[in-house]
Amino acid sequence: MTLKSMTGFARSDGALGALGWHWEAKSVNGRGLDVRVRLAPGFEGLEPQVRDAVARRLVRGSVSVLLATERREGVTEVRLNEVALAQVLKAAERISHLTGAPPPTAEGLLALKGVLEVVEPAEDAAETEARTAAMLASLDAALVGLAEARSGEGGRLAAVLSTQCDEIASLVAAAKASPARNPESIRARIAEQVRRIVDTGPGLDPARLHQEAVLVATRADIAEEIERLEAHVAAARELLSEKGAVGRKLDFLAQEFNREANTLCSKSNDVEITRIGLALKAVIDQMREQVQNIE
């Protein structure tokens, strides 16, 4: 089976130099391809490349991509902001002159915001390019994992849908072989209905009653519905073995299944055919639920 689900999750970790990161990619069912991206501060510029990478791997689904980063210990540098310190000392000297307050201690000066700065190591263009390439490679690994997860779930759904196709085929065969469709059975039921009408209305024209009986028999014939249901089963089985995104086609086909089952039930004038039609509707409804998750 080649079906793919729209549900899955994957994660990929990476590191280069002082920076470590991890990507998370998850998806659920959606009408088209809807990509939501949440990137760590400072990496917002990667969003277009992230969206392109998702579009290369996936066709449908609501996809969320997360990037989280962390700096490794010992790679940052603490620097003294001498300009800020000079300004603080000048202000402290003025305060001491005006109030007679003692000069500030070194500990007090260092505790002031802006006197000490935590500085990230400088990164040249080549390092930035290498880091970006490594991060996008990790993203691709996460998307490969997501695609594999969706394929695995798709295999499970394909097995379920195949079983449902078998159930529908079995019910259609039962309707096709039902004794209620036998011409003698139909004739007997119509004759009984006509007899009841004649008994309650002696003035009715027998020729007109015959014409109406023929119309009733024609309307109650479910041969076309059975043929279309058989054709739909064959089409569904072909789609289950196709490559690519077939979720929309399967969804449309499930609607057609439901339409024929409804017509079969509305035409039925036999308890057994009605029972089969209701069973068909139940299986088709289950199929439609499963199809919503197919890419």
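Here the structure is shown first, and the text comes after it.
Residues numbered from 1 in each chain as written. Predicted model: local features only at pLDDT ≥ 70, side-chain atom pairs only at ≥ 80, totals over all residues. Heavy atoms only, no water.

Digging into the overall build of the protein chain
Working step 1: Each helix and strand in the protein chain was counted, giving nine helices and six strands.
Working step 2: The proportion of buried residues among the 295 residues of the protein chain is 34%.
Working step 3: Of the contacts made within the protein chain by residues no fewer than 6 positions apart, 78% connect residues no fewer than 24 positions apart.
Working step 4: With an accessible surface of roughly 17300 Å², the protein chain has 55% of that area assigned to carbon and sulfur atoms. (Helix = DSSP H or I, 4+ residues; strand = E, 2+ residues; numbered from the N terminus. Buried < 20%, exposed > 50% of the residue type's maximum accessible area, 1.4 Å probe, protein only. Contact = heavy atoms within 4.5 Å. Areas by Shrake-Rupley, 256 points an atom, 1.4 Å probe, with all protein chains shown as cover.)

Brief notes about the packing of helix 8 (residues 247-267) against helix 9 (residues 271-291)
The description of two helices packed together rests on the angle between their axes and the distance between the axes.
Working step 1: At a closest axis distance of 9 Å, the pairing of helix 8 and helix 9 adopts a crossing angle of 165 degrees. Classified by the angle their axes make, helix 8 and helix 9 are roughly antiparallel. In the packing of helix 8 onto helix 9, the handedness of the crossing is left-handed. Of the residues in helix 9, those touching helix 8 at G247, L250, D251, A254, Q255, F257, N258, A261, N262, L264 and C265 are I273, T274, G277, L278, L280, K281, I284, M287, R288 and V291.
Working step 2: Its residues assigned to classes, the contact of helix 8 with helix 9 shows 12 nonpolar, six polar and three charged. (Axes fitted to C-alpha atoms, helices over the stretch in contact; angles between N-to-C directions. Parallel < 35°, antiparallel > 145°, perpendicular 65-115°, else oblique. Left-handed = near helix turned anticlockwise from the far one by under 90°. Nonpolar A, V, L, I, M, F, W, Y, C, P; charged D, E, K, R; others polar.)

Topic: the pattern of salt bridges
Working step 1: For the coordinates displayed, the defined rule picks out 15 salt bridges.
Working step 2: Several salt bridges converge on common partners, so that one network encompasses E224, E225, R228, E260 and K267. (Salt bridge = Lys/Arg side-chain N within 4 Å of Asp/Glu carboxyl O.)

Some words on the environment of N29
Working step 1: In this fold, N29 is placed in the loop between strand 2 (19-28) and strand 3 (33-38).
Working step 2: Between the C-alpha atoms of N29 and Q292, which are 263 residues apart in sequence, the distance is 7.0 Å.
Working step 3: In this structure, N29 is in contact with M6, T7, G61, S62, Q292 and N293, ignoring residues within four places of it in sequence.

A closer look at empty space enclosed by the protein
Working step 1: Under the criterion given, the structure shown has one cavity of 30 Å³ or more.
Working step 2: In this model, the largest cavity occupies a volume close to 50 Å³.
Working step 3: Looking at the largest cavity, the residues that line it are L161, C165, A236, L240, L250, L253, A254, F257, M287 and V291.
Working step 4: Secondary-structure elements contributing two or more residues to the lining of the largest cavity are helix 4 (125-177), helix 7 (223-240), helix 8 and helix 9.
Working step 5: Sort the elements by how many residues they give to the lining of the largest cavity and helix 8 lands first, with four residues.
Working step 6: Tallied by class, residues from the lining of the largest cavity come to 10 nonpolar, no polar and no charged. (1 Å grid on protein atoms, 1.4 Å probe; cavity = no way out; pocket = protein on both sides within 12 Å on 5 of 7 lines; lining within 4 Å. Points joined across faces, edges and corners; volume = space filled by probe spheres on them.)

Topic: the packing of helix 7 against helix 8
Working step 1: Between helix 7 and helix 8, the shortest axis-to-axis distance is 10 Å and the interhelical angle comes to 160 degrees. Looking at the two axes, helix 7 sits roughly antiparallel to helix 8. Two packed elements cross with a definite hand, and for helix 7 against helix 8 that hand is left-handed. Of helix 8, the residues touching helix 7 (which contributes E225, R228, L229, H232, V233, A235, A236, L239 and L240) are K249, L250, L253, E256, F257, E260, T263, L264 and K267.
Working step 2: Residues of the contact of helix 7 with helix 8, tallied by class, amount to 10 nonpolar, two polar and six charged.

Brief notes about the nonpolar core
Working step 1: Counting 30 residues, the largest nonpolar core has L3, L161, I168, L250, F257 and L280 as its most contacted members.
Working step 2: No other element matches helix 4, which puts eight residues into this core.
Working step 3: Within the second largest apolar cluster, 24 residues are counted, among which are W21, V35, L143 and L146. (Core = buried A, V, L, I, M, F, W, Y, C linked by side-chain atoms within 4.5 Å.)

Describing the pairing of strand 1 (residues 8-16)
Working step 1: Where strand 1 meets strand 2, nine bridges bridge the pair, whose relative direction is antiparallel. Paired with L16 across the two strands is L19, which belongs to strand 2.
Working step 2: The hairpin formed by strand 1 and strand 2 contains two residues between the paired strands, and G17 there has a positive phi angle of roughly 60 degrees. (Pairing = 2+ DSSP bridges.)

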